[in-house]
Amino acid sequence: MEAYRGIDLLGIEAELTDEERQVRDAVREFVEREALPLIPQHFREGTFPMELAARMAELGLFGAHIEGYGCAGLGPVAYGVAMRELERGDSALRSFCSVQSSLAMTAVWLHGSEEQRQHWLPRMAAGEAIGAFALTEAEHGSDPSRMETRAERTASGWRLSGGKFWITNASVAALMVVWAATAEGIRGFIVEDGLPGVRVEPIHNKLSLRMSLTGAVGFDGVELAEDALLPGTKGLVSALECLNHARLGIAWGVTGAAAACLHETLEYAKGRVQFSRPIAAYQLVQAKLADMHTQLAAAQLLALQASRNKATGRLHYSHISAAKHHNAQTALDIARTCRDLLGGAGVLDDFATMRHMVNLEAVNTYEGTRHMHQLILGRHITGISAFDG
Ligand code: TGC
Ligand code: FAD
């Protein structure tokens, strides 16, 4: 197969700065040489290649958007390009990095005290401490405002009770940022690994994102010190501010997964002869290839413009919703069509497309389902909230 050079119908890559290109090339090489050889087996076995964490830290990927604290301080486009290249390998690779960087580190960076930042961020940037972000509960996914996990004040700090579900990195996390209802509204807490009363149970039976470590977490009256509270957290909006970072990373990431599918399918279609000619020579196939390239270009432009808005301080969270829901759905549609064009071969794990396709099912659901982002946009456009009917 031809070396991977991305899919870039509109020549968008030519607009990248030198820094953005350097990030792209470094992460692409890491994925090509170090991650892709490991991914199929880890996907099959439902395990994560933890040895890659140290390399991702060396590449400056953890907290890459944060200035100081040992972080790379990359601009929003460079950060997005890095997520795209990681997800070209596997959505779980990007998810591992997103949860560490955009969710856990961002929560500490945005809402932590200076002591908390100094304590955690350099260790997390170096990959010595892995973080998780625990917002969702089994009964409260799209509407976390009704969460049942509670933190109550005690003489020495807080007591945490309840449970979270679907928590990425939970089983390897040195710290979890846990969102809990308190008498003062929803607040975030740092829960360190090993505290009495914390239970983590891996969820093994996923058919999507098999390489991602996902867990259920229980808190049985966990005693937390006063300084476990992230003092800047003030309601659910503080969690949503972290999700904004991660959702934009996903909008970029999924374009990498879609490009991986398209690249492999185009190569296959040019070589696969049925009837008298390569299947790429048939009009029905070319129409699909043309549509997919166009749809991917639109997704790339959405992600790029949203990140440019972020760089210039003009980003509104409706832009992120537009990019997340459009790009996740587009990538999923592309992956499904590519799978079809690969014929029977497309169900074998010799090809990456079906792995990306099943991963993208979860990516389309997490960080706000397509419906949630449509409703966020619907409210933004009309001024009328339709979440409750
Ligand atoms: P709502 O009325 O929407 O919000 C209350 C206040 O917050 C403001 N706001 C935001 N601000 C900043 N960024 C955002 N994204 C914001 N969204 C809302 C809003 O303007 C309002 O401000 P104000 O001043 O008017 O009071 O009501 P709500 O708080 O109940 O939120 C509703 C909704 C549906 C938007 C929210 O619950 C939501 O986004 N639900 C989806 C849940 C979700 O995305 N969960 C993700 C869990 S983490 C995860 O999935 C990790 S996957 C692994 C990986 O990332 O790789
Ligand atoms: P539900 O909210 O029950 O939704 C089910 C369906 O109903 C969806 O189609 C939804 O769009 C629809 N729906 C719900 N309400 C409405 C409405 N008002 N109008 C129209 N349709 C509606 N969470 C974390 O906190 N941390 C993590 O690290 C994390 N990692 C994850 C990893 C994986 C692999 C997965 C699958 C999920 C992860 N999540 C995580 C949870 C994820 O964010 C939730 O799954 C997601 O927010 C959806 O919630 P739910 O699964 O409860 O679905």
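Refer to the structure above for everything that follows.
Residues numbered from 1 in each chain as written. Chains lettered and ligands numbered in written order. Predicted model: local features only at pLDDT ≥ 70, side-chain atom pairs only at ≥ 80, totals over all residues. Heavy atoms only, no water.

### Overview of the state of the cysteines
By definition, a disulfide is the covalent link that joins the sulfur atoms of two cysteine residues. In this structure the tally under the stated criterion is zero disulfides. Sulfur of Cys71: no disulfide; nearest cysteine sulfur belongs to Cys97 and is 11 Å away. (Disulfide = S-S within 2.5 Å.)

### What to know about the pairing of strand β3 (residues 131-134)
Neither face of β3 is exposed, since Gly131 and Phe133 on one face and Ala132 and Ala134 on the opposite face are all buried. As defined by bridge partners, β3 adjoins strand β6 (residues 175-182) across four bridges and the pair is classed as parallel. Its bridge partner lying in β6, Ala132 is registered against Met176. (Buried < 20%, exposed > 50% of the residue type's maximum accessible area, 1.4 Å probe, protein only. Helix = DSSP H or I, 4+ residues; strand = E, 2+ residues; numbered from the N terminus. Pairing = 2+ DSSP bridges.)

### Section: the nonpolar core
Formed by 89 residues in total, the largest nonpolar core has its most connected members in Met56, Leu86, Leu93, Phe133 and Trp179. Examining the composition of this core, we find that 14 residues originate from one element, helix α7 (residues 236-271), more than from any other. Those residues in contact with Leu86 that lie beyond four places of it in its chain are Val27, Phe30, Val31, Met56, Leu61, Leu93, Arg94 and Cys97. (Core = buried A, V, L, I, M, F, W, Y, C linked by side-chain atoms within 4.5 Å. Contact = heavy atoms within 4.5 Å.)

### Digging into the pattern of salt bridges
If the charged atoms of two oppositely charged side chains come close together, the side chains can form a pair. Across all of its chains, the model carries 28 salt bridges by this definition. Glu15 is the partner of Arg308 in a salt bridge, and the nearest nitrogen-oxygen pair spans 2.6 Å. Residue Arg308 is found in helix α8 (residues 283-311), and its partner Glu15 is found in the segment before α1 (18-35); the two are separated by 293 residues along the sequence. For Arg308, a relative accessible area of 32% puts it in the partly exposed group. Residue Arg159 pairs with Glu223 through a salt bridge whose shortest N-O separation is 2.8 Å. You can see Arg159 sitting in strand β5 (residues 157-168) and its partner Glu223 sitting in strand β9 (residues 214-225), a full 64 residues away along the chain. (Salt bridge = Lys/Arg side-chain N within 4 Å of Asp/Glu carboxyl O.)

### Quick notes on the site of ligand 1
Taken together, 26 residues form the shell around ligand 1, and within it Ser95, Asn244, Arg247, Tyr317 and Glu367 come nearest. Within the side chain of Asn244, an N or O atom sits 2.8 Å from a nitrogen atom of ligand 1. Between ligand 1 and Tyr317, the relevant distance is 2.8 Å, taken from an oxygen atom to a side-chain nitrogen or oxygen of the residue. Mapped onto the shell around ligand 1, the elements with two or more residues apiece are α5 (91-111), α7 and α11 (370-382). Here the shell around ligand 1 gets six residues from one element, more than from any other, and that element is α7. Residue composition of the shell around ligand 1, grouped by class: 13 nonpolar, nine polar and four charged. (Near = heavy atom within 4 Å. Polar contact = N/O pair within 3.5 Å; in protein donor to acceptor, adjacent residues only side chain to side chain. Nonpolar A, V, L, I, M, F, W, Y, C, P; charged D, E, K, R; others polar.)

### Considering the site of ligand 2
Taken together, 17 residues lie around ligand 2, and Thr136, Ser142, Trp166, Thr369 and His371 are the ones closest in. In this structure, a nitrogen atom belonging to ligand 2 sits 2.7 Å away from a side-chain N or O atom of Thr136. Note that an oxygen atom of ligand 2 is positioned 2.6 Å from one of the side-chain N or O atoms of His371. Out of a free accessible area of 970 Å², ligand 2 has 68% covered by protein chains. Put simply, the parts of the chain that give the shell around ligand 2 at least two residues each are β5 and α11. Residue classes in the shell around ligand 2 are distributed as nine nonpolar, seven polar and one charged. (Areas by Shrake-Rupley, 256 points an atom, 1.4 Å probe, with all protein chains shown as cover.)

### Quick word on the packing of α5 against α7
Their axes nearest at 9 Å, the elements α5 and α7 cross at an angle of 150 degrees. With respect to α7, the axis of α5 lies roughly antiparallel. The hand of the α5/α7 crossing is right-handed. Seen from α5, the contacting residues are Arg94, Ser102, Leu103, Thr106, Ala107, Trp109, Leu110 and His111; seen from α7, they are Ser238, Glu241, Cys242, Leu243, His245, Ala246, Gly249, Ile250 and Gly253. (Axes fitted to C-alpha atoms, helices over the stretch in contact; angles between N-to-C directions. Parallel < 35°, antiparallel > 145°, perpendicular 65-115°, else oblique. Left-handed = near helix turned anticlockwise from the far one by under 90°.)

### Focus: the packing of aromatic side chains
On inspection of all chains with the given rule, the structure shows six aromatic pairs. Both rings, one in Phe165 and one in Trp166, keep their centres 5.2 Å apart while their planes meet at 70 degrees; by these two values the pair is edge-to-face. Overall, Trp166 belongs to the partly exposed group, its relative accessible area being 49%. What links up through ring pairs into an aromatic cluster is the set Phe48, Phe62 and Phe96. The ring of Tyr4 has Arg88 sitting right over it, with the charged end atom 3.7 Å from the ring centre. (Phe/Tyr/Trp six-rings, centres within 6.5 Å; stacked < 30°, edge-to-face > 60°. Lys NZ or Arg CZ within 6 Å of the ring centre and 35° of its normal.)

Distances and angles like these do not, on their own, reveal function.
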